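These are the residues of each chain, in order.
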Amino acid sequence: MDQIDNALTQPEAMISLRNLRVSYGDSEILHGINFDVMPGETLVILGGSGSGKSTLLRTLVGLERPSSGEIWLKGKNIAAISSDEMNAIRKKIGMSFQGGALFGSMTVGENVALPLREHTKLEETTIEIILRLKLDQVGLAGFENYMPSQLSGGMKKRAAVARALAMDPEILFFDEPSAGLDPIIAAGVDQLILELKQAFHMTIIVVTHELASAFLIADRMVLIDKGNVVAIGSTEEMRSSTHPRVRQFLDRIAEPEVSQELDYLQMLTEEYRRPGR
Amino acid sequence: MQIAARHLDKVTIFDISGDIDLATSPQLRKALLREFRELKTPRVVLNLGAVRYIDSSGVASLVEGLKASREVRSRLILFGLNKTVREVLQLSRLVKIFEIYEDEAQSVAS
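It should be emphasised that the depicted structure is a prediction, and the values quoted were computed from it without experimental measurement.

Engineer: Give me the overall build of chain B: which residues, what numbers.
Structural biologist: What chain B contains, in helices and strands, is four helices and five strands. Reading chain B from its N terminus to its C terminus gives the helix and strand order β-β-α-β-α-β-α-β-α. Its C-alpha atoms give chain B a radius of gyration of 12 Å, near enough to 13 Å, the size a compact globule of 110 residues would have. Overall size of chain B, expressed as C-alpha extent along the three principal axes, is 30 × 25 × 25 Å. Across the 110 residues that make up chain B, the buried fraction comes to 41%. When contacts within chain B are restricted to residue pairs at least 6 apart in sequence, those whose partners lie at least 24 apart make up 73%.

Following this line, the structure appears as structure tokens:
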């Protein structure tokens, strides 16, 4: 397992977290997180429901402010910069959130072009070529005039990735990339992440609770539990770890996420409507 | 990014240096479109030997330039691509679409 020096950041690291704490009101969610992500590395953040992994991701992309600690992104501590500086850094990062989060009222092409129209002064003809290049890169060439509602779940995810790639980010964040997808489509999304990593040498951070996917795409993994880093290491190190919490997490039978349990409960208990009534 | 133009007989050579990115690609686009649409230059050669990096907006600008060249039956030729630039064009599946040569002599003569 990696030894982390709490005091020093690695100068060559793309992202360094030092004693990162995040609270919602009185309740602290992350209790002093430390790790580094190196350029070109795919780091998977693993954790169960309520572990704090999604809060960690939201904090890394600047959507939550830490209560204390440091987040070094490309040599800048984003925990202590102005919103203008943060906006400049956001142009260097791409985000693909759960559910795709495409705008339903816009075509696929307009969705992909949105960051370019919002953040650049490029000519419309240039933007249209870029959006087609990005759709081609995710296997959606020719879909620019479709509405998101006309796409399958896997295609929506790909379109969202194309939008995340629009500004040529150096760091790409994925929140539960395979959530809500059937296993074959989910494997396709894993494959896309691997292709992006190989082709663009991008630094990729993926938050997931899907172990098969995590072991396929990760260079290294971090296991978060109750707001603490329990373990960090390569996939081999994780697999052979004897740490009880790591074993418990890796050996578990896939436990459904809370939202899925609620969906299941809803499905079981919702009012039955007989045909014709 | 810097662009310096040289003119040989019916050929314009742009020596480009630095990064072709969001901030600079509009300048390259404008130069290419002017060369083809206004000046109707039969052959424009881009010396990319001193270009360190090209982003998607740079690639898109080259694509626009290529399209403009075809519309007036001119040629856009690239040479001196470093590994990074060549890789970006390869990933965009554009290496075979552009005319790419090893050096200036070939680019001007072929």
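Engineer: Lay out the sheet that holds strand E3 (residues 42–46) of chain A with the relevant residues and their values.
Structural biologist: All names here are of chain A. Taken together, the six strands give an open sheet; going across it, the order is E6-E7-E8-E3-E9-E10, and neighbouring strands pair in mixed fashion. Strands with a single pairing partner mark the edges of an open sheet, and in this sheet they are strand E6 (93–96) and strand E10 (228–234). Ignoring which end each strand starts from, the neighbouring axes of this sheet average 15° apart. Alignment of E3 against strand E9 (residues 220–225), held across four bridges, turns out to be parallel. Bridged to Val-44 within E9 is Met-221.

Engineer: Run through the nonpolar core, naming residues and quoting values.
Structural biologist: Residue and element names in this part refer to chain A. Counting residues in hydrophobic clusters, the biggest one holds 97 residues, and the most contacted among them are Val-44, Ile-45, Leu-46, Phe-173, Ile-205 and Val-222. In terms of residues, this core owes the most to one element, helix H5 (residues 153–165), which gives seven residues. Here this core spans two domains, and each of domain 1 (15–92 + 171–265) and domain 2 (103–168) adds at least three residues to it. In this structure Ile-205 touches Val-37, Leu-43, Ile-45, Leu-60, Ile-171 and Phe-173, once residues within four positions along its chain are discounted.

Engineer: Hey, could you go over helix H2 (residues 56–71) of chain B for me, with residue numbers and the actual values?
Structural biologist: Residues lying three or four places apart along an α-helix face the same way, a consequence of the helix completing one turn every 3.6 residues. Between its first and last C-alpha, H2 of chain B extends 23 Å over 16 residues, near the 22 Å set by a 1.5 Å rise per residue. Across the 16 residues that make up H2 of chain B, a large majority, 12, are buried. When H2 of chain B is considered as a whole, its buried residues turn out to be Ser-56, Ser-57, Gly-58, Val-59, Ala-60, Ser-61, Leu-62, Val-63, Glu-64, Gly-65, Leu-66 and Ser-69 of chain B. Each element contacted by the buried residues of H2 of chain B is listed here: helix H4 (124–137) of chain A together with strand E2 (11–20), helix H1 (25–38), strand E3 (43–54), strand E4 (75–79) and helix H3 (83–91) of chain B. Where H2 of chain B ends, the next residue or the one after it, Arg-73 of chain B, has phi of about 55°, a positive value.

Engineer: Explain the sheet that holds strand E2 (residues 27–37) of chain A to me, and be specific about the residues and the numbers.
Structural biologist: Residue and element names in this part refer to chain A. With respect to topology, four strands assemble into an open sheet ordered E2-E1-E4-E5, the strand pairing being antiparallel. Unpaired on one side and paired on the other, E2 and strand E5 (76–77) mark the two borders of the sheet. Note that strand E1 (residues 15–24) and E2 share eight bridges and pair antiparallel. Bridge pairing in E2 places Arg-21 opposite His-31.

Engineer: Before we move on, could you go through the packing of H4 of chain A against H2 of chain B and cite the residues and values that matter?
Structural biologist: A pair of packed helices is characterised by two quantities: the angle between their axes and the separation of those axes. The N-to-C vectors of H4 of chain A and H2 of chain B enclose an angle of 110°; their axes lie 9 Å apart at closest approach. By the angle class used here, H4 of chain A and H2 of chain B are roughly perpendicular. For the element pair H4 of chain A and H2 of chain B, the recorded crossing hand is right-handed. Contacts from Thr-125, Thr-126, Ile-129, Ile-130 and Leu-133 of chain A in H4 of chain A reach Ser-56, Ser-57, Val-59, Ala-60, Ser-61, Val-63 and Glu-64 of chain B in H2 of chain B.

Definitions and limits used
- Within every chain, residues take consecutive numbers counted from 1 along the sequence as written.
- Here the convention is simple: chains get letters from A, ligands get numbers from 1, in the order in which they are written.
- The model is predicted, so local features are restricted to residues of pLDDT at least 70 and side-chain atom pairs to those at 80 or more, both for listing and for counting; the totals for chains, interfaces and linings are taken over all residues.
- Each helix corresponds to a stretch of at least 4 residues labelled H or I by DSSP, and each strand to a stretch of at least 2 residues labelled E; elements are numbered beginning at the N terminus.
- Only the C-alpha atoms count toward the radius of gyration. The rule for a globule is 2.2 Å times the residue count to the power 0.38.
- Every C-beta atom is placed from the backbone, and the number of other C-beta atoms within 10 Å of a residue's own sets its class: buried at 20 or more, exposed at 12 or fewer, partly exposed in between.
- By definition, residues are in contact whenever their C-beta atoms, placed on the basis of the backbone, come within 7 Å of each other.
- One requirement defines pairing of two strands: DSSP has to find at least two bridges between them.
- With axes taken as lines fitted to C-alpha atoms, and helix axes fitted only over the stretch in contact, angles between N-to-C directions fall between 0 and 180 degrees.
- Think of a nonpolar core as buried Ala, Val, Leu, Ile, Met, Phe, Trp, Tyr and Cys residues, each tied to the set through C-beta atoms within 7 Å.
- The start and end points of each domain follow an automatic or database-based domain assignment.
- The length a helix should cover is 1.5 Å for every residue beyond the first.
- Put simply, angles under 35 degrees are roughly parallel, angles over 145 are roughly antiparallel, angles from 65 to 115 are roughly perpendicular, and the rest are oblique.
- Crossings are sorted by hand: turned counterclockwise from the far helix by less than a right angle, the near helix makes the crossing left-handed, and turned clockwise it makes it right-handed.

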